[in-house]
Amino acid sequence: MTGAVEVLLPGVLADLAGGARRLEVRPAEATLAGLLDALAADHPVLERRIRDEAGALRRFVNVYVDGDDVRFTGGLAAAVPGGAVVQVLPSVAGG
Amino acid sequence: MADLLAIGTRKGLWLAHSDDDRRTWTIDGPHLLSQEVAAVGVDVRGPVPRVLAGVQYGHWGPTVTWSDDLGRTWSETDEGAIRFPADTGAALARVWQLRPDTAERPGVVWAGCEPHSLWRSDDGGRTFTLVRGLWDHPHRPTWAPGSGGGAVHTVLPHPTGDRVLVAMSTGGVYVSDDGGEEWEPRNSGISAVFLPEPAPEYGQCVHKVAADAGDPDRFYAQNHFGVFRTDDAGGSWTSIAGGLPADFGFPVVTSPRTPGTAWVVPLVADAERVPPGGRLRVHRTRDAGATWTELGTGLPDGSWTAVLRDAVCVDEADPTGVHVGTRDGCVYASADEGDTFALVVGHLPDVLCVRAARLP
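Quick caveat: nothing in here was measured; it's all calculated off a predicted structure. (Residues numbered from 1 in each chain as written. Chains lettered and ligands numbered in written order. Predicted model: local features only at pLDDT ≥ 70, side-chain atom pairs only at ≥ 80, totals over all residues.)

### Some points on the overall build of chain B
(1) Moving on: Within chain B, the regular secondary structure consists of one helix and 27 strands.
(2) Moving on: For 360 residues, the compact-globule formula gives about 21 Å, and the C-alpha radius of gyration of chain B, at 19 Å, lands near that figure.
(3) Moving on: Overall, chain B is about 50 × 45 × 40 Å in size when its C-alpha atoms are taken along their principal axes.
(4) Moving on: A buried classification covers 53% of the 360 residues belonging to chain B.
(5) Moving on: For chain B, the share of sequence-separated contacts (at least 6 apart) that also reach a separation of at least 24 residues comes to 50%. (Helix = DSSP H or I, 4+ residues; strand = E, 2+ residues; numbered from the N terminus. Rg over C-alpha atoms; globule rule 2.2 N^0.38 Å. Buried ≥ 20, exposed ≤ 12 C-beta atoms within 10 Å, placed from the backbone. Contact = placed C-beta atoms within 7 Å.)

This is how it looks when you write it as structure tokens:
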């Protein structure tokens, strides 16, 4: 178990976290995959909005760990140390 | 007795209600606002009608959701109603079809999805199981995606037996006679103008298939060029496009009560996906495709839109209703088998699917 991680959610996902825009999560493994596994245990529908069943981040979902886009820092293997702030944001897409 | 018309669009779901045998409609919506609703089903076999929707939550992925109170509240399964098993390495991209089975098989709902896959639910749509027989078919790696994506978009369970027919873009028609274990392609006679071989065993882009009311072995297919009929459950198909202004289009629907009766909505061609002359028209056959009658009362001229494969449906009323949704957000309803149409609603987002139900 690593230290607590703060997860910031966009408003559109808050209903899936009981209305919260901020969650404190304690992942078993200090990676983004570990964080999402921990998130799935308590908020399975929320986790499915971020990651598909094959384990991939959804194409138009951006995740930042302490301000860094995880697509450039290892993706699901990106380090998420205790005390990190993880922000989930929708990308610019749609019409 | 009330009639319900569920209208799935690119940005939400609308429900049209009629209490006067489909003469006037009241529009309720939007439901599921900003979500693409590519598939909708209304299951009236249970104690309350269930509206099932295949949705794409914008950036946030696809799933199946349902409402047992006509749209007031929606539910979804925590783990996702449709979830590819880990060994497949696949992920659900879009739900293209939700098909409640017959009253003899309560609780059974079929789903056709992208990537090419067929799913069966035995609990009314809460959870689905991948039909492995089709997923593991050796042809599957060669089923190429059409421009909308590669999917099973049509599921036609036999009214009483174990046969299931599916249609795919691309891939064509496949039939299982044992409920989904074994599958074989049944495309003989269906053209494939986009392939070097004019009559391949499989690989066709069949846009939609509908079953005849009187003969469970008779089906009608709107193809990517060509309208066809089979009288032997897909063993061979023959053209019934003579008399139509164009043989391109997406939907085909059949009467649930009158044998030999079907409707199509022709478009000019794949490179010109608009009604011929800009006149939106439905064409009906009453003799299994030998002749066609153009139906246009209440439908617009100057209409440079298109009608997608699931944007036409029939209802269970008598006479049969035919309901048509367009990509420019209009829905036209007919309560007299297409003789006359009336605008139910306009200015919606692109209509992707419509389904009608007579509520108890």
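### Here we look at the interface of chain A and chain B
(1) Moving on: Counting residues at the interface gives 15 residues for chain A, matched by 15 residues for chain B.
(2) Moving on: When residues of the side of chain A that touches chain B are assigned to their parent elements, the largest contribution, four residues, is made by helix 3 (residues 44–50) of chain A.
(3) Moving on: Grouping the amino acids of the side of chain A that touches chain B by side-chain chemistry returns eight nonpolar, two polar and five charged. (Nonpolar A, V, L, I, M, F, W, Y, C, P; charged D, E, K, R; others polar.)

### Here we look at helix 2 (residues 32–42) of chain A
For the α-helix, the turn length of 3.6 residues means that residues three or four positions removed from each other point alike.
(1) Moving on: Here helix 2 of chain A has its buried residues at A:Leu32, A:Gly34, A:Leu35, A:Leu36, A:Ala38 and A:Leu39.
(2) Moving on: Close packing links the buried residues of helix 2 of chain A with strand 1 (5–8), strand 2 (22–25), helix 3, strand 3 (61–65) and strand 5 (85–90) of chain A.

### What about the pairing of strand 16 (residues 219–223) of chain B?
All names here are of chain B.
(1) Moving on: Within strand 16, five of the five residues are buried, which leaves the element mostly enclosed by the surrounding structure.
(2) Moving on: Residues Phe219, Ala221 and Asn223 of strand 16 are buried on one face, and the alternating residues Tyr220 and Gln222, pointing to the opposite face, are buried as well.
(3) Moving on: With five bridges connecting them, strand 15 (residues 206–211) and strand 16 associate as antiparallel partners. What sits directly across from valine 206, in strand 16, is asparagine 223. (Pairing = 2+ DSSP bridges.)

### Description of the confidence of the model for chain B
(1) Moving on: Mean pLDDT over chain B: 96, with 100% of residues reaching 70 or higher.
(2) Moving on: Interface confidence for the predicted complex, expressed as ipTM, amounts to 0.90; the pTM equals 0.96. (pLDDT = per-residue confidence, 0-100.)

### Thoughts on the environment of B:Leu308
Residue and element names in this part refer to chain B.
(1) Moving on: Looking at where leucine 308 falls in the secondary structure, it is placed in the loop between strand 22 (293–295) and strand 23 (312–314).
(2) Moving on: Of the residues examined, leucine 308 has 23 C-beta atoms within 10 Å and is grouped as buried.
(3) Moving on: Sequence separation between leucine 308 and threonine 127 is 181 residues; the distance between their C-alpha atoms is 27 Å.
(4) Moving on: Among all residues touching leucine 308, those that are not within four sequence positions of it are Phe250, Arg327 and Leu352.

### Re the sheet that holds strand 5 (residues 50–56) of chain B
Residue and element names in this part refer to chain B.
(1) Moving on: Read across the sheet, three strands follow the order 4-5-6 without closing on themselves; strand pairing throughout is antiparallel. Each edge of the open sheet is held by one strand with a lone partner, namely strand 4 (36–43) and strand 6 (62–67). For this sheet, the mean inter-axis angle between neighbouring strands, taken without regard to orientation, is 20°.
(2) Moving on: Strand direction decides the pairing type here: strand 4 and strand 5, joined by seven bridges, are antiparallel. Bridge pairing in strand 5 places glutamate 36 opposite glutamine 56. (Axes fitted to C-alpha atoms, helices over the stretch in contact; angles between N-to-C directions.)

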